[in-house]
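Reading the structure
The residues making up each chain are set out below.
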Amino acid sequence: MKSSPPLSGTARRAALLGLLAALAVALSFLEGLLPVIPIPGAKLGLSNIVIMYALTSLNLPCALALAAVKAAFALLRGGTAFFMSLAGGLLSTLVMAGALRLFRNRVSFIGVGILGAVAHNGGQLAAAMLLLSPALIGYGPWLLLLAVAAGTVTGLTLNIVMPALGRLSRG
C-alpha cells in the first residue's frame, strides 16, 4: 500500500486548526449538557482549554479564529448569545495572549486560565449590559468568583493534557 506524502507546514497548521475548532465546538456543546450553575449563563468554559492550547502551539490569529468559531456556534442560540460569546471570547483570548507574552516564564496555565475566565466573564457581562440591562452589573462579583474557579479548572486540565497534545502536534 502506498503511503501519503507528509503534510506541509501550512497543511498541518490548517488541519490542526480544523481539529481544534471541532473540539472547541464539541466541548461547548457538551458543557451545555452539564447541570446549570446557579448564575444564569455561567459555564465552566472547557472550550477555553482549546484556545489556551492554540495560543501556545499556533498563534494569536489562529486562537482568535477559534474564538470566532465558538461565537458562531453560539449563534444557534440567538443573536444575544452570539454577541456575548464573541465579546467574551475575543477579550479572553487577547488577555490570555498578553499574559503568555508578558509573563512567559512567570505565569502558569492556571494563572492564564483565571485571567482568561475573568476577561471572558467581563466581556460577556459588558455585552449583556449593553444589550439587555445595565442592572446586570450585580452579577459581577458572582461572575468573578466563578471565573477564578473555572479558570483554575481549565488551567489544571491543560496542565494534565498538554504533554499528550504536544506529542500529537509533533507527530
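For the structure, see preceding data.
Reading the values: the criteria
- Residues numbered from 1 in each chain as written.
- Predicted model: local features only at pLDDT ≥ 70, side-chain atom pairs only at ≥ 80, totals over all residues.
- Heavy atoms only, no water.
- Helix = DSSP H or I, 4+ residues; strand = E, 2+ residues; numbered from the N terminus.
- Rg over C-alpha atoms; globule rule 2.2 N^0.38 Å.
- Buried < 20%, exposed > 50% of the residue type's maximum accessible area, 1.4 Å probe, protein only.
- Contact = heavy atoms within 4.5 Å.
- Areas by Shrake-Rupley, 256 points an atom, 1.4 Å probe, with all protein chains shown as cover.
- Axes fitted to C-alpha atoms, helices over the stretch in contact; angles between N-to-C directions.
- Parallel < 35°, antiparallel > 145°, perpendicular 65-115°, else oblique.
- Left-handed = near helix turned anticlockwise from the far one by under 90°.
- Nonpolar A, V, L, I, M, F, W, Y, C, P; charged D, E, K, R; others polar.
- Expected span 1.5 Å × (residues − 1).
- Patch = residues over 30% accessible without salt bridge, like charges linked within 9 Å, V, L, I, M, F, W, Y side chains within 5 Å.
- Salt bridge = Lys/Arg side-chain N within 4 Å of Asp/Glu carboxyl O.

Here's the deal with the overall build of the protein
Helix and strand content of the protein: six helices and zero strands. What you see in the protein, going N to C, is helices and strands ordered as α-α-α-α-α-α. In terms of C-alpha radius of gyration, the protein reaches 17 Å, essentially the compact-globule figure of 16 Å for 171 residues. With respect to the principal axes defined by its C-alpha atoms, the protein has extents near 65 × 35 × 30 Å. Sorting the 171 residues of the protein into buried and exposed places 35% on the buried side. Sequence-distant contacts, at least 24 apart, represent 70% of the contacts inside the protein between residues at least 6 apart. Per element, the accessible surface of the protein, about 9700 Å² overall, is 73% carbon and sulfur.

A closer look at the side chain of Ser 92
Following the sequence through the fold, Ser 92 ends up in helix α4 (residues 79–102). Take Ser 92: its relative accessible area is 1%, and that puts it in the buried class. Not counting residues up to four positions away in its chain, the partners in contact with Ser 92 are Asn 48, Gly 116, Ala 119 and His 120.

A closer look at the packing of helix α2 (residues 48–57) against helix α5 (residues 109–131)
Closest axis-to-axis distance for the α2/α5 pair is 11 Å, and the angle between their directions is 120 degrees. Classified by the angle their axes make, α2 and α5 are oblique. Regarding α2 and α5, the two cross each other, and that crossing is right-handed. Mapping the contact onto sequence places Asn 48, Met 52 and Thr 56 in α2 and Phe 109, Val 112, Gly 113 and His 120 in α5. By residue class, the composition of the contact of α2 with α5 is three nonpolar, four polar and no charged.

Observations concerning the environment of Gly 18
Among the secondary structure elements, Gly 18 is positioned in helix α1 (residues 9–32). What makes Gly 18 partly exposed here is its relative accessible area of 40%.

A word on α1
In an α-helix, one full turn covers 3.6 residues, which means residues spaced three or four apart are oriented alike. In this model, α1 (24 residues) spans 35 Å end to end at C-alpha, consistent with the 34 Å of a helix rising 1.5 Å per residue. Within the sequence span of α1, burial applies to Leu 20, Ala 21, Ala 24, Ser 28 and Glu 31. Tucked into the core, α1 has its buried residues touching α2 and α3 (60–74).

Regarding the side chain of Asn 121
Among the secondary structure elements, Asn 121 is positioned in helix α5. Apart from residues lying up to four places away in sequence, Asn 121 is in contact with Leu 143 and Ala 147.

Quick word on a nonpolar patch on the surface
Taken together, the side chains of Phe 83, Leu 130, Leu 131 and Leu 132 define a hydrophobic patch exposed on the protein surface, amounting to about 460 Å² of accessible area. Considering the arrangement of structural elements, one finds Phe 83 in helix α4.

Overview of the environment of Ala 24
The residue Ala 24 is located in helix α1 in this model. Along the primary structure Ala 24 and Val 69 are separated by 45 residues, whereas in three dimensions their C-alpha atoms are 8.4 Å apart. Once residues within four sequence positions are removed from consideration, Ala 24 is found in contact with Ser 47, Val 50 and Lys 70.

With respect to the packing of α4 against α5
One can describe the packing of α4 onto α5 by two numbers: an axis separation of 7 Å at closest approach and a directional angle of 150 degrees. In this structure, α4 meets α5 at a crossing whose hand is right-handed. Here the contact of α4 with α5 is built from residues that sort into 14 nonpolar, nine polar and no charged.

None of the figures reported here should be taken as evidence of function without further support.
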